[in-house]
Protein chains: 2
Amino acid sequence: MVTMQDVARLAGVSKMTVSNVVNNREGVSDAVRQRVLEAIRRSGYRVNVSARTLKSGRTGVIGLAVPEIDRPYFGHLAALVIDAARRQGFHVAIEQTGAAADGEADAITHSRTLHFDGLILSAVALDRLDDRPAEAGYPIVMLGEQDFGGRFDHVAMPNEEGAKAATAHLADRGCRRIAIVTGGVLDRVNAVSRRYHGYLAALTERGLDVDPSLFVPLDGLTMEAGRAAAHRLADSGHEVDGVVAVTDTVALGVLRGLADRGLRVPGDIRLIGFDDVPEASYSVPSLSTVAPDHEWMAAKAVELVAQRIRAPLRPTSQHIAPFELMTRESTL
Amino acid sequence: MVTMQDVARLAGVSKMTVSNVVNNREGVSDAVRQRVLEAIRRSGYRVNVSARTLKSGRTGVIGLAVPEIDRPYFGHLAALVIDAARRQGFHVAIEQTGAAADGEADAITHSRTLHFDGLILSAVALDRLDDRPAEAGYPIVMLGEQDFGGRFDHVAMPNEEGAKAATAHLADRGCRRIAIVTGGVLDRVNAVSRRYHGYLAALTERGLDVDPSLFVPLDGLTMEAGRAAAHRLADSGHEVDGVVAVTDTVALGVLRGLADRGLRVPGDIRLIGFDDVPEASYSVPSLSTVAPDHEWMAAKAVELVAQRIRAPLRPTSQHIAPFELMTRESTL
DNA sequence: TTGTAGGCGTTATCAT
DNA sequence: ATGATAACGCCTACAA
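Basis of the calculations
Residues numbered from 1 in each chain as written. Chains lettered and ligands numbered in written order. Predicted model: local features only at pLDDT ≥ 70, side-chain atom pairs only at ≥ 80, totals over all residues. Heavy atoms only, no water. Helix = DSSP H or I, 4+ residues; strand = E, 2+ residues; numbered from the N terminus. Rg over C-alpha atoms; globule rule 2.2 N^0.38 Å. Contact = heavy atoms within 4.5 Å. Areas by Shrake-Rupley, 256 points an atom, 1.4 Å probe, with all protein chains shown as cover. Lys, Arg positive; Asp, Glu negative; His and termini not counted. Charge placed at Lys NZ, Arg CZ, Asp CG, Glu CD. Least-squares fit on C-alpha atoms with pLDDT ≥ 70 in both. Near = heavy atom within 4 Å. Polar contact = N/O pair within 3.5 Å; in protein donor to acceptor, adjacent residues only side chain to side chain. Nonpolar A, V, L, I, M, F, W, Y, C, P; charged D, E, K, R; others polar. Buried area = accessible area lost by both parts, 1.4 Å probe. Salt bridge = Lys/Arg side-chain N within 4 Å of Asp/Glu carboxyl O. UniProt positions renumbered as here; feature names shortened; annotations may be inferred. Pairing = 2+ DSSP bridges. Axes fitted to C-alpha atoms, helices over the stretch in contact; angles between N-to-C directions. Buried < 20%, exposed > 50% of the residue type's maximum accessible area, 1.4 Å probe, protein only. Phe/Tyr/Trp six-rings, centres within 6.5 Å; stacked < 30°, edge-to-face > 60°. Expected span 1.5 Å × (residues − 1). Arc of directions from axis to C-beta.

**Student:** In this structure, what is going on with the overall build of chain A? I would like to understand it.
**Tutor:** Within chain A, the secondary structure is distributed over 11 helices and 12 strands. Taking 2.2 N^0.38 as the reference for a compact globule, 332 residues should give roughly 20 Å; the C-alpha atoms of chain A span a radius of gyration of 25 Å, well beyond that estimate. Each principal axis of the C-alpha atoms in chain A carries an extent, and together these give about 85 × 40 × 30 Å. Here the analysis covers contacts within chain A between residues at least 6 apart in sequence; of these, 68% occur between residues at least 24 apart. Surface accessibility of chain A: about 13,800 Å² in total, with carbon and sulfur atoms responsible for 50%. Looking at chain A, you have 37 positive and 42 negative side-chain charges, and the mean spots of the two groups are 9 Å apart.

Written out as structure tokens, the structure is:
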């Protein structure tokens, strides 16, 4: 490995001068600077990040913990976070939590062990972080899901508002028997339950039935679960003319499941999702959905981490992403 | 920050003993070990990875460079690589290259700067790595795409074999005018051109037309490009009863584009893709495709990196993933 | 403008 | 079985 010492020898200066050149510091004559740069180029020297880190206590890496990187929504989010982080000079290491509370708590511990400068946690299961190493000693920003009562910086989805707008849109299109395909534990405060409440709020506002048989539970937030739920809905014999799916991934599964039963979208049933994953524009039919501004969310999350790294003690702040209702073929 | 020195003081031993306990080394009496573990627990000590790295020269991190993490195929691949790496005790940092040769070369340089222990490079554009820092001084494994004439460890897709099988399958279903939707530069050796050759080989073997007008060029490997290609194909007036799409992502775009023109799959045109991304099972109609064993590929790539870290000088090896033909609704 | 000394937290080596 | 010492490569502080 080529060290500063080697470069110094090659350029005939002290290693301190090399350090000054590498870090673009003042007080190096142009002649020496050129000589050093040339020596760096010839030797192929690279700064040793570990050594620098050891002194500075910073790694320049922030962790991003998501349930599974291969779910369209999280892949999309990760891409945006990686780009936003690069713009601020950070690298991103991805942890997969497997959508389990243990995995999410592990990610926190893990990040500390690896000395990430901060962690962006897309928590879907961890709802009692107070039992865990909450005060981790480094910045944690919650992204998009659970709410923790102001104890963390938090970038939230417009869950309630978005679901309400989606449901109202179905009503505007003439739907009268609107089902919701959702899941998880609805008596806790989380993204899924908030969306459910948005759905209820819209029904109430429009004076539509709130019929328990129109509530289709879901066994996980996967396409397969959505497909199975659609089968149950179709086989139940309940009259339904609109479906709100709790995520686009689920909605794409529902779309498939309705096709399995010969039901046409939007002809027989209108369908709307939540997230606006890229695939939503390309499904057949294309999927109407609630489109939170993901880029805004990613940028905000990285910005909050960066701010907190600089000022660990500033009060936490909560933010809700703007959204747009994307009306496509599935609700024509 | 709690250091080994602090723990040592707390437990009344030397920091060397703490180090031995932390690393599960022999030669520490049970009594002392317990005392140290207790001190670690009470103090909340964590090893400083930077310091350890500085000594060992290893970071425990391997880079994974992919074009864009939010493309379904690469998201899926990343998830598998992350899991496989964890099983071998590595962490994964993801770099996005933007499918450009510059980005891919940057990833190599970058990995060295960050002192990754190795790099798994899913190169799609870089075809002249010899002009670049090829002998990077640390393990590079090429995953799934370009071929570099044996200069790297390489885990390849069954490009030619798979595309041939896909085309033959369309022929078996009765297709006689089989188009291919593909792109990139076909005179270089890469995944796309190999698949094209597989397509040609199957046509020749079955005695079918090799008609240049059935070659639909593609402006990138995206859904949008696939959609546009389908539009051109439909509008061209050429008689076509089967389409081979060079990737599933493109195929899903083609599916959408054919729907835009009122063409039914598989009724009017049969369609087959390549990759078997998760979405392929859920599209309407579900997508027949060539399914390379992605898990096998991810595990093999990580294994090759790990082997090369241990033995940098062993000869490179090339591997081709097994595949399976998944026949679904789009070719019924 | 440039150089020297010391230390960041860990581990390898060698001693006790 | 345990401890002292010296690196690893870099940077801060101070000296020349």
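**Student:** Please clarify how the relation of the copies chain A and chain B should be interpreted in this entry.
**Tutor:** A rotation about some axis, followed by a shift along it, carries one copy of the chain onto the other. The transform that puts chain A on chain B rotates by 180 degrees and translates by 0.0 Å along the axis, for an RMSD of 0.3 Å. Look at the turn and shift together and you get a two-fold axis relating the two. A share of 98% of the interface residues of chain A reappears at the interface of chain B, consistent with the copies meeting face to face through the same patch.

**Student:** In this structure, what is going on with the protein's contact with DNA strand C? I would like to understand it.
**Tutor:** Inspection of the region around DNA strand C gives 25 residues, with Val32(A), Met4(B), Met16(B), Tyr45(B) and Arg52(B) positioned closest. Each atom of DNA strand C within 4 Å of the protein was assigned to sugar, phosphate or base; sugar and phosphate come to 64%. Within the side chain of Ser19(B), one N or O atom sits 2.9 Å away from a phosphate oxygen of DNA strand C. When residues of the surface near DNA strand C are traced back to their parent elements, those giving at least two are α2 (15–22) and α4 (49–56) of chain A together with α2 (15–22) and α4 (49–56) of chain B. Grouping the constituent residues of the surface near DNA strand C by class yields 11 nonpolar, eight polar and six charged.

**Student:** For this particular structure, what's the right way to read the protein's contact with DNA strand D?
**Tutor:** Contacts to DNA strand D come from 26 residues, most closely from Met4(A), Met16(A), Tyr45(A), Ser29(B) and Val32(B). When the atoms of DNA strand D within 4 Å of the protein are grouped by moiety, sugar and phosphate amount to 63% of the total. Thr17(B) is positioned such that a nitrogen or oxygen atom in its side chain is 2.8 Å from a phosphate oxygen of DNA strand D. In terms of residue class, the surface near DNA strand D is built from 12 nonpolar, eight polar and six charged.

**Student:** Sorry, what's going on with the interface of chain A and chain B here?
**Tutor:** Taken residue by residue, the interface counts 48 residues in chain A and 47 residues in chain B. At the boundary of chain A with chain B, total buried surface from both sides reaches about 4,000 Å², with 60% on carbon and sulfur atoms. Considering only the surface of chain A that becomes buried against chain B, Arg46(A), Arg256(A) and Tyr282(A) emerge as the three largest contributors, covering 18% of it. Applying the counting criterion to the chain A and chain B interface returns two salt bridges.

**Student:** Would you take a moment to explain the UniProt feature "domain: HTH lacI-type" (unreviewed entry) in chain A for this structure?
**Tutor:** When the UniProt feature table is mapped to this numbering, "domain: HTH lacI-type" (unreviewed entry) covers residues 2–56 of chain A. Secondary structure within residues 2–56 of chain A divides into 69% helix and 0% strand; the distance between the first and last C-alpha atoms comes to 21 Å.

**Student:** Whenever I open this one, the sheet that holds strand β8 (residues 242–245) of chain A confuses me. Can you help?
**Tutor:** Consider a sheet: its strands pair through backbone hydrogen bonds, and that pairing is either parallel or antiparallel. Residues and elements named next belong to chain A. The six strands lie next to each other as β7-β6-β8-β9-β10-β12, forming an open sheet whose pairing is mixed. Looking along the sheet, the strands with just one partner apiece sit at the ends: β7 (215–218) and β12 (323–326). Strand after strand, the sheet turns through a mean of 15 degrees between neighbouring axes, direction not considered. In the sheet, strand β6 (residues 178–183) pairs with β8 via four bridges, with the strands oriented parallel.

**Student:** Could you clarify how one ought to interpret the environment of Arg52(B) in this entry?
**Tutor:** All names here are of chain B. When you line up the elements, arginine 52 lands in helix α4. According to the relative accessible area criterion, arginine 52 is partly exposed, its value standing at 39%. Considered as a pair, arginine 52 and arginine 25 are 27 residues apart in the sequence and their alpha carbons are 16 Å apart. Setting aside residues up to four positions removed in sequence, arginine 52 forms contacts with Val22, Asn23 and Val47.

**Student:** Even after reading the chapter, I still don't get the packing of aromatic side chains, so can you show me in this structure?
**Tutor:** Each aromatic ring pair is summarised here by two numbers: the centre-to-centre distance and the angle between the ring planes. Residues and elements named next belong to chain A. The tally for this structure, following the rule as stated, stands at six aromatic pairs over all chains. Ring centres 6.0 Å apart and planes at 25 degrees place the aromatic pair tyrosine 196 and tyrosine 199 in the stacked group. Highlighted residues: tyrosine 196 and tyrosine 199, both in helix α8 (residues 191–206), separated by three residues, approximately one helical turn. Like tyrosine 199, tyrosine 196 is buried.

**Student:** How should I be thinking about helix α3 (residues 30–43) of chain A in this particular structure?
**Tutor:** Residue pairs three or four apart in sequence face the same way in an α-helix, which turns once every 3.6 residues. Residue and element names in this part refer to chain A. Taking 1.5 Å of rise per residue, 14 residues should cover 20 Å, and α3 covers 20 Å from first to last C-alpha, within 8% of that figure. For α3, the set of buried residues is Val32, Arg33, Val36, Ala39 and Ile40. One face of α3 carries all of its buried residues, which in axial projection span an arc of 130 degrees. Projecting away from the buried face of α3 at angles above 90 degrees are the exposed residues Asp30, Ala31, Arg41 and Arg42. Among the structural elements, α1 (4–11) and α2 are those in contact with the buried residues of α3. Glycine 44 lies just past α3 and shows a positive phi near 70 degrees.

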